[in-house]
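# Remarks on the overall topology
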Amino acid sequence: MKIHPAAFVLAFSVVIAGAVNAYPGKPDPNVKSSVKSVECAQSLGFDAKMLMGLMSIPSVSTDQDANNRAIDYLKQWLYGRGVYTAVCSNEAGRAVLYASTMPGKKHDIVFVTHVDVVPPSEDGQFNPYVKDGFLYGRGACDTKGNAAVIAHVLANLVGKASVGAVFATDEEARTPGLNTPTVLLNNGYVPQKFIIVGDTNGEFQNSLTIAEKGHAHVRLIAHGRGGHSSMPWSADNPIPKLVDAYRKIAEAFPKAEDPNNHWCDYLSPTKLSGALAGNVIPDTAEMYFSYRFIRMDGPQWIKEFLEKTTGLEVIVREPYRMPVITDRNNPYVKSLYEAMCRKWDGVCITKMSCATDATRYAHLNLPTVIFGAIGFGTHAKQERVSLQSLVEYMELFTEYLKTVK
Ligand SMILES: [Zn+2]
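## A short note on the overall build of the protein
Of regular secondary structure, the protein possesses nine helices and 20 strands. Radius of gyration (C-alpha) of the protein: 23 Å, near the 22 Å computed for a compact globule of 405 residues. A principal-axis box enclosing the C-alpha atoms of the protein has dimensions of 75 × 50 × 45 Å. Counting every position in the protein, which comprises 405 residues, the buried fraction comes to 47%.

Written as structure tokens, this is what we have:
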């Protein structure tokens, strides 16, 4: 996942009778994991040793060789359990794995996850270890733990259900030319009815995420005429134009109707650029924005809004990511939610502010949800995942997918 999300708990219990949010899925750092050891997880059918082996491969997104090793490692494990596997690569040789419980390229239900990770925050994060029922190490919850859950579900369901899974290597940092969905689509692999993304979903416990915002990088450019800072009268300084423009933007940008409900568009200035030296008036000055949006015309809307409000040049960087908003009453969503409620108390439905791989499949217009085993420390030191939660998610999806059509 790209950033920590703010997630929003919905009153889903109103929609589905019997669902009661005993606790609203909020992160609880004191949560206990009853599966205390690798051996205990193994005895419950979860091959924690496989996951630790996967986590020991330093598959930082920029390291293509390590990512290809991680893909091969997972492929071998799946192949050894009868799962159908195929590896596709882009022109540079970067791999993406497609695995399935039945032969073919078009499965109704397809998991999507990734095995690339962000760089370690401290030494030793590629030497995973277990303490108090949590597996520590880079990728534990973002998202090799969830990838391992999906791999186990496929292994458990070979020949018993029709499910596919994408294991990508380009989620944490976009690598030019890979774009996993495109590589797969070019090879004929197309999810048909329902996409289930495995990724850390904000450390919310046993929540089902049904929506996430789109994201676009936007540049606002003020033009002027540069010069020596000792003679401002001979230059046309673009920086005051940019400052003035931002005041107008802050005034005109639509405000959240309810300050506690963040499911709306946000425009965050993130970076400024001007002259290369402190005694130079630049020719141009730029303000960078991160635009998180729920409106389906977001990229066009923000361009027009900024141009109209400021009169300055606006560039919306492509590719941008469109929002994913799934109907909570979709039959797949309802049945999965009900299966979760049978397993856990207090299951909640959430929306995320950030973007996972779900947005990369938005153009397919398929119902899409995101799950994540209970974990903490995403992108940080002490990243960890609950062994108990991994076992429980493996059980959940194994049971659910046996019955769902
Ligand atoms: Zn991440």
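## A look at the domain arrangement of the protein
Looking at the protein, the domain boundaries give domain 1 (38–202 + 354–403) and domain 2 (214–316). Here the C-alpha centre of domain 2 lies 38 Å away from the C-alpha centre of domain 1.

## Some words on the packing of helix H6 (residues 238–252) against helix H7 (residues 298–310)
Between H6 and H7, the shortest axis-to-axis distance is 9 Å and the interhelical angle comes to 120 degrees. Relative to H7, the element H6 lies oblique. Read as a crossing pair, H6 and H7 show a hand that is right-handed. Across the interface between the two elements, Ala245, Lys248, Ile249 and Ala252 of H6 pack against Leu306, Thr309 and Thr310 of H7. Each residue belonging to the contact of H6 with H7 can be placed in one class, and the counts come to four nonpolar, two polar and one charged.

## Description of the sheet that holds strand E12 (residues 266–273)
In spatial order, the strands read E12-E14-E10-E15; together these four strands make up an open sheet with antiparallel pairing. In this open sheet, the two strands that pair with only one neighbour each are E12 and strand E15 (313–316). Strand-to-strand twist of the sheet, defined as the mean angle between neighbouring strand axes without regard to direction, takes the value 25 degrees. Across seven bridges, E12 lies against strand E14 (residues 284–293) in antiparallel orientation. Note that in E14 the partner of Leu272 across the bridge is Met287. Along the sheet, H7 contacts strand E10 (214–223), E14 and E15; its crossing angle with E10, the most-contacted strand, is approximately 25 degrees.

## Overview of the pairing of E14
With ten bridges connecting them, E10 and E14 associate as antiparallel partners. Following the sheet pairing, Arg219 is matched in E14 by Tyr288.

## Remarks on the nonpolar core
Nonpolar side chains in soluble globular proteins generally cluster together in the buried interior. Ranked by size, the top nonpolar core spans 86 residues in total, and within it Leu74, Leu154, Val166, Phe167 and Leu390 carry the most contacts. The greatest single-element share of this core, amounting to ten residues, is contributed by helix H4 (residues 140–156). Grouped together as the second largest cluster of nonpolar side chains are 14 residues, Ala216, Ala222, Tyr291 and Phe293 included.

Definitions and cut-offs
Residues numbered from 1 in each chain as written. Predicted model: local features only at pLDDT ≥ 70, side-chain atom pairs only at ≥ 80, totals over all residues. Helix = DSSP H or I, 4+ residues; strand = E, 2+ residues; numbered from the N terminus. Rg over C-alpha atoms; globule rule 2.2 N^0.38 Å. Buried ≥ 20, exposed ≤ 12 C-beta atoms within 10 Å, placed from the backbone. Domains from an automatic or database assignment. Axes fitted to C-alpha atoms, helices over the stretch in contact; angles between N-to-C directions. Parallel < 35°, antiparallel > 145°, perpendicular 65-115°, else oblique. Left-handed = near helix turned anticlockwise from the far one by under 90°. Contact = placed C-beta atoms within 7 Å. Nonpolar A, V, L, I, M, F, W, Y, C, P; charged D, E, K, R; others polar. Pairing = 2+ DSSP bridges. Core = buried A, V, L, I, M, F, W, Y, C linked by C-beta atoms within 7 Å.

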